[in-house]
Amino acid sequence: MKENPFVFTDSNKRYYTYDYYGKKTFGGKVCKVPLDGGFTCPNIDGRCGRGGCTYCSGRGSGDFAPSPLLPLTEQYDAVRKIMDRKWKVTGYIPYLQAHTNTYAPVSRLRALYEEALALPGALGLAIATRADCLEDDTVALLRDIDKRTHLTVELGLQTIHDDTARRIGRGHDFAAFLRGYEKLAGLRVMIHLIDFLPGETPDMMLGTAKAVAALRPHGVKFHMLCVLRGSALEKEYRAGGFSLPGKDAYIDILCRQLEVLPPETVIGRVTGDAPEELLVAPDWTRKKIDLLNSLDKELTKRNSCQGKFVETIQKNG
Ligand code: SF4
């Protein structure tokens, strides 16, 4: 620990974990509780696209949220029970995760957000959405909620490269993302990125991290691309349309991306969790602890940490 040069930590981690952020902000372990508010997505129902992003699961990236047929409070209780068995938890952040959680009239959004905020032990609210689905009245509602509680808006960017965005059917370009991001100025925004999207090189992924670093977001979540059963990506993968890297290549790009991110940007995660039964590839993502340990070891071996090159980038552009 003594030789760890990273300041936003109380462990061997050389990046600013959500765990550490929770302790500093709320005084103890805080868990996000994935929930399904019963939304769809404008990239699925035809407003901006049909079928969704090629990597999207049928649950709209909300695979660990309980069924939307259950009332919110039952979903919340079911997930909390599991978390309470694993950890000593100080409080929870209800996380509207599945699909696009700003895609409804503002009256419905307000009722759902208030219901989530009133859940027992809730310390705030996290809302996952798309940058192209932020109507003015929705943004006003988010600002109102932010004044009263700890709000985080989670935006899926995945990549800044528009050719890749077209290939994965994201349904909006980087310019549209930036317009949405600007609307949320002053709010806590957590940006989601996916590494090793089809056709992307490590330099492209690093370029994405640098562009995101320049936005100075509250947080970033890194995901390794996972091929899920039943997705359009599965067909492309099985047809040999792209290949996936080994664990070492992922650890290498993660280290390089962390090095260019501001040290005060919270790292919400360094890999996704795919449901066991849906995961087609890569198999090594099943061993999450092993991946986390490998990242810690590699950062130590490189004598590196999050933000190592931030000053250099600021000076050299
Ligand atoms: S934006 Fe999210 S929910 Fe919508 S299609 Fe893409 S991954 Fe699925």
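An account of the accompanying structure is given in this report. Please read all numbers here as calculations on a predicted model, not as lab measurements. (Residues numbered from 1 in each chain as written. Predicted model: local features only at pLDDT ≥ 70, side-chain atom pairs only at ≥ 80, totals over all residues. Heavy atoms only, no water.)

## Examining the overall build of the protein chain
For step 1, the next point in the chain: Per the secondary structure count, the protein chain includes 11 helices and nine strands.
For step 2, the next point in the chain: The C-alpha radius of gyration of the protein chain comes to 19 Å, within 12% of the 20 Å expected for a compact globule of 317 residues.
For step 3, the next point in the chain: Along the first, second and third principal axes, the C-alpha atoms of the protein chain reach 50 × 50 × 40 Å.
For step 4, the next point in the chain: In the protein chain, buried positions account for 56% of the 317 residues.
For step 5, the next point in the chain: Relative to all contacts within the protein chain whose residues are 6 or more apart in sequence, the contacts with residues 24 or more apart total 80%. (Helix = DSSP H or I, 4+ residues; strand = E, 2+ residues; numbered from the N terminus. Rg over C-alpha atoms; globule rule 2.2 N^0.38 Å. Buried < 20%, exposed > 50% of the residue type's maximum accessible area, 1.4 Å probe, protein only. Contact = heavy atoms within 4.5 Å.)

## Focus on the environment of Thr102
For step 1, the next point in the chain: Structurally, Thr102 can be placed in the loop between strand S2 (91–96) and helix H3 (106–117).
For step 2, the next point in the chain: For Thr102, a relative accessible area of 3% puts it in the buried group.
For step 3, the next point in the chain: Sequence separation between Thr102 and Cys41 is 61 residues; the distance between their C-alpha atoms is 9.2 Å.
For step 4, the next point in the chain: Leave out the neighbours within four places in its chain, and Thr102 touches Leu109, Tyr113, Ile127, Thr129, Cys133, Leu134 and Thr138.
For step 5, the next point in the chain: At 2.6 Å, the side chain of Thr102 and the side chain of Thr129 are in polar contact. (Polar contact = N/O pair within 3.5 Å; in protein donor to acceptor, adjacent residues only side chain to side chain.)

## What to know about the site of the ligand
For step 1, the next point in the chain: As a structural note, the neighbourhood of the ligand is formed by 11 residues, with Cys41, Gly52, Cys53, Cys56 and Arg130 the closest of them.
For step 2, the next point in the chain: In the shell around the ligand, the residues fall into five nonpolar, five polar and one charged. (Near = heavy atom within 4 Å. Nonpolar A, V, L, I, M, F, W, Y, C, P; charged D, E, K, R; others polar.)

## Quick look at the pattern of salt bridges
For step 1, the next point in the chain: Taken as a whole and judged by the stated rule, the model has 25 salt bridges.
For step 2, the next point in the chain: The salt bridge involving Arg286 is made with Asp283; its shortest N-O contact spans 2.7 Å.
For step 3, the next point in the chain: Salt bridges here are not isolated pairs; linked through shared partners, they connect Asp252, Glu298, Lys301 and Arg302. (Salt bridge = Lys/Arg side-chain N within 4 Å of Asp/Glu carboxyl O.)

## Some remarks on the packing of aromatic side chains
For step 1, the next point in the chain: Applying the stated criterion across every chain yields a total of 10 aromatic pairs.
For step 2, the next point in the chain: Ring geometry for Tyr18 versus Tyr21: centroids 6.0 Å apart, planes at 40°, classification tilted. Here Tyr21 and Tyr18 lie together in helix H1 (residues 18–26), a separation of three residues that amounts to about one turn.
For step 3, the next point in the chain: Pairing Tyr250 with Trp284 gives two aromatic rings, centres 5.8 Å apart and planes at 35°, and the pair type is tilted. (Phe/Tyr/Trp six-rings, centres within 6.5 Å; stacked < 30°, edge-to-face > 60°.)

## So, helix H2 (residues 72–86)
For step 1, the next point in the chain: Under the 1.5 Å per step criterion, the end-to-end length of H2 is 22 Å for 15 residues, consistent within 8% with the ideal 21 Å.
For step 2, the next point in the chain: Every buried residue of H2 is accounted for by Leu72, Gln75, Tyr76, Val79, Arg80 and Met83. The buried side chains of H2 occupy one side of the element, clustering within an arc of 120° when seen end-on. Residues of H2 that are exposed and angled more than 90 degrees away from the buried face: Lys81 and Arg85.
For step 3, the next point in the chain: Buried residues along H2 sit in contact with strand S1 (30–35), S2 and H3. (Expected span 1.5 Å × (residues − 1). Arc of directions from axis to C-beta.)

## Remarks on unusual backbone geometry
For step 1, the next point in the chain: Here the bond from Ala281 into Pro282 is cis, since omega is -5°, no more than 30 degrees from zero.
For step 2, the next point in the chain: Looking at the secondary structure, you find Pro282 in the loop between strand S9 (279–281) and helix H10 (288–301).
For step 3, the next point in the chain: Not every positive phi belongs to a glycine, and Gln158 is a case in point at roughly 75°.
For step 4, the next point in the chain: Tracing the sequence through the fold places Gln158 in strand S4 (residues 150–158).
For step 5, the next point in the chain: The buried category is assigned to Gln158, whose relative accessible area is 10%.

## Side note on the side chain of Thr164
For step 1, the next point in the chain: Inspection of the secondary structure puts Thr164 in helix H5 (residues 162–167).
For step 2, the next point in the chain: A polar contact is formed between the side chain of Thr164 and the side chain of Glu200, at a distance of 2.7 Å.
For step 3, the next point in the chain: Residues within four places of Thr164 in sequence aside, it is in contact with Thr159, Leu197, Pro198, Glu200 and Met204.

## Quick word on the environment of Lys32
For step 1, the next point in the chain: Along the polypeptide, Lys32 turns up in strand S1.
For step 2, the next point in the chain: In this structure, the C-alpha to C-alpha distance between Lys32 and Leu206, residues 174 residues apart in sequence, is 28 Å.
For step 3, the next point in the chain: A distance of 2.4 Å separates polar atoms of two side chains, one belonging to Lys32 and the other to Glu154.

## Notes on the sheet that holds strand S5 (residues 188–195)
For step 1, the next point in the chain: Read across the open sheet, the seven strands follow the order S1-S2-S3-S4-S5-S6-S8; overall the sheet is parallel. Since the sheet does not close on itself, it has two edges, and those belong to S1 and strand S8 (266–269), each with one partner. Shown here is a sheet whose adjacent strand axes are inclined to one another by a mean of 25°, direction ignored.
For step 2, the next point in the chain: Sheet topology note: the S4/S5 ladder contains six bridges and is parallel. Looking across to S5, one finds that Glu154 is bridged to Met190.
For step 3, the next point in the chain: Docked against the sheet, helix H4 (residues 136–148) engages strand S3 (124–129), S4 and S5, running at close to 135° with respect to S4.
For step 4, the next point in the chain: Packed onto the sheet, helix H6 (residues 174–183) meets S4 and S5 and runs at close to 170° relative to S4. (Pairing = 2+ DSSP bridges. Axes fitted to C-alpha atoms, helices over the stretch in contact; angles between N-to-C directions.)

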